[in-house]
Amino acid sequence: QAKQVRIYLDDKVVAKHILFFIGNTPILYFPYYIQPLKERSSHATAQVGKGKDWGYFALTSFRYYFSDIAKGRFLLDYRTKKGLAEGIDNYYSIKDLGSGSARFYYTNENDSTSFEPSGEVESKYRAQVRHRWDMGEDTVATLEFNKLRDQNFIKDYFYKEYEEAGDPDNFISFITTKENYTATLLVRKRMDKYFTVVERLPEFRIDIQNSRILKALPVYYKAETSGVYLNKTFQKVEPSQ
């Protein structure tokens, strides 16, 4: 139920002071909520099954939309061999500052919620931010930040993502594209001790496209120039107990 509901035909529903109930018991409160009417994707999803490493599992998600900078889905998952896990995938768009996503996922693995725990209790999480900003007609800034509390966390919980992207990356880049050249500034930094990373602190590169020197002669000039400070950081393995 909601204290106030406004319906904009063929556009959206805006509700204020919403309470969600199970039976007669209120379980959740939102001060403000927007529900687009044109979106056809499911607002709640559930996937159940059984796996070697997870045991029986149920993965659920619930979509939300508060504004252009607060929309996404809540995650609530259960695995009999690992226990309860929860997370949020938030997607945003900020006028003149770009768009991106912020994701967080957490589990207290093998705690009392596990039906058949597979090891010692350990808190694990992943935090990720991705952002793209079109700074002008010819310059794009890209940021990716990842922080993990376990080397194999993505492999264990998001295997499809692991297959596609491999180990997580941390970088910020600026790319400027002009008619005759492209310039790139890249900074890559290791954030977790679990991975071997070649850091670039920073790297600058300029690529000059084929340019005709003399109109009377078929003579062209092309150049690729780069400068970089490289620092290779090696994986730190914690000694076994």
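Scroll up to find the structure this text is about.
Small disclaimer: the values here were computed from a predicted structure and weren't measured.

Caption draft 1: Representation of the packing of aromatic side chains within the structure. One pass over the structure, following the stated rule, counts 11 aromatic pairs. Ring centres of Tyr105 and Tyr157 lie 6.1 Å apart, and the angle between their planes is 55°; this geometry places the pair in the tilted category. Taken together, the positions of Tyr105 in strand β8 (residues 98-109) and Tyr157 in helix α1 (residues 153-157) put the pair 52 residues apart, joining distant regions of the chain. Overall, the relative accessible area of 1% leaves Tyr105 in the buried class. A residue is classified by how much of its surface remains accessible, and Tyr157, at 5% relative accessible area, is buried. Through pairs of rings, three or more aromatic residues link up here, namely Tyr105, Phe153, Tyr157 and Phe158. For Arg103, the ring lying beneath its charged end belongs to Phe158, and the centroid distance is 5.9 Å. Positioned above the aromatic ring of Phe158 is the side chain of Arg126, whose terminal nitrogen or guanidinium carbon lies 5.2 Å from the ring centre.

Caption draft 2: Up close: the environment of Ile213. For Ile213, the position within the fold is in strand β13 (residues 197-214). Aside from chain neighbours lying at most four places away, what touches Ile213 is Val219, Tyr220 and Tyr221.

Caption draft 3: Summary view of the pairing of strand β1 (residues 2-8). Two strands pair when backbone bridges link them, and β1 and strand β2 (residues 12-22) are joined in this way by six bridges, in the antiparallel orientation. Among the inter-strand pairings, Gln4 is bridged to a residue of β2, identified as Lys16. Here β1 folds back onto β2, and the loop between the two strands holds three residues, one of which, Asp10, carries a positive phi near 60°.

Caption draft 4: The arrangement of the sheet that holds strand β3 (residues 25-36) in detail. Pairing in this open sheet of three strands is antiparallel, and the strands run β1-β2-β3 from one edge to the other. If you trace the sheet from one side to the other, it starts and ends with β1 and β3, each paired once. Taking the axes of each pair of neighbouring strands and ignoring which way they run, one obtains an average angle of 25° across the sheet.

Caption draft 5: Expanded view of unusual backbone geometry. Residue Leu201 is joined to Pro202 through a cis peptide bond whose omega torsion reads -10°. Along the chain, the position of Pro202 falls in strand β13. One non-glycine residue, Asp10, lies in positive phi territory at about 60°. Position of Asp10 relative to the elements: it lies in the loop between β1 and β2.

Cut-off values and rules
- Residues numbered from 1 in each chain as written.
- Predicted model: local features only at pLDDT ≥ 70, side-chain atom pairs only at ≥ 80, totals over all residues.
- Heavy atoms only, no water.
- Phe/Tyr/Trp six-rings, centres within 6.5 Å; stacked < 30°, edge-to-face > 60°.
- Helix = DSSP H or I, 4+ residues; strand = E, 2+ residues; numbered from the N terminus.
- Buried < 20%, exposed > 50% of the residue type's maximum accessible area, 1.4 Å probe, protein only.
- Lys NZ or Arg CZ within 6 Å of the ring centre and 35° of its normal.
- Contact = heavy atoms within 4.5 Å.
- Pairing = 2+ DSSP bridges.
- Axes fitted to C-alpha atoms, helices over the stretch in contact; angles between N-to-C directions.

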